[in-house]
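If you want the building blocks of each chain, they are given just below.
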Amino acid sequence: ATVEEVETNCTANILGQWKERIGNLEENMKKLQDENKYLKTKLFKTCHELKTSPYNESGFYWLDPDVSGKPIQLFCDMKDGITQVGHNHEMTQNVTWCKGEGCYSLE
């Protein structure tokens, strides 16, 4: 092999290793950001409450609507301040534990 071929192969190998390392770092950074978001939002009850915090963009958040200490993942529509509770069946899901500002009621 010529010197140029060796240099090209070394450069390609190093470039591949750096791309892999950068990808791993970006993945780790995303995990840390998600964990930080969880820790900073898990004590909020509703998206309405969360809307006044630095976490005021629509998306999934871990909230504790019944103050049980066991947060659940909910979708927050921050434009309207609505907490969306998903379920895995087609029947109506009655949410009785959410009372007060930010909770929907038919009354």
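So, a few notes on the structure that sits alongside this text. (Residues numbered from 1 in each chain as written. Predicted model: local features only at pLDDT ≥ 70, side-chain atom pairs only at ≥ 80, totals over all residues. Heavy atoms only, no water.)

**Considering the pattern of salt bridges**
For step 1, the next point in the chain: For the coordinates displayed, the defined rule picks out two salt bridges.
For step 2, the next point in the chain: Here Glu 27 and Lys 31 are joined by a salt bridge, their closest N and O atoms 3.5 Å apart. Taken together, the residues span about one helical turn, with Glu 27 and Lys 31 both in helix α1 (residues 3-41) at a distance of four residues.
For step 3, the next point in the chain: A relative accessible area of 45% places Glu 27 in the partly exposed class.
For step 4, the next point in the chain: Taking the shortest distance from any N to any O, the salt bridge between Lys 30 and Asp 34 comes out at 2.9 Å. Within this pair, Lys 30 and its partner Asp 34 are both found in helix α1, separated by four residues, close to a single helical turn.
For step 5, the next point in the chain: A relative accessible area of 46% places Lys 30 in the partly exposed class. (Salt bridge = Lys/Arg side-chain N within 4 Å of Asp/Glu carboxyl O. Helix = DSSP H or I, 4+ residues; strand = E, 2+ residues; numbered from the N terminus. Buried < 20%, exposed > 50% of the residue type's maximum accessible area, 1.4 Å probe, protein only.)

Scope: geometric values only; no functional claims are made or implied.
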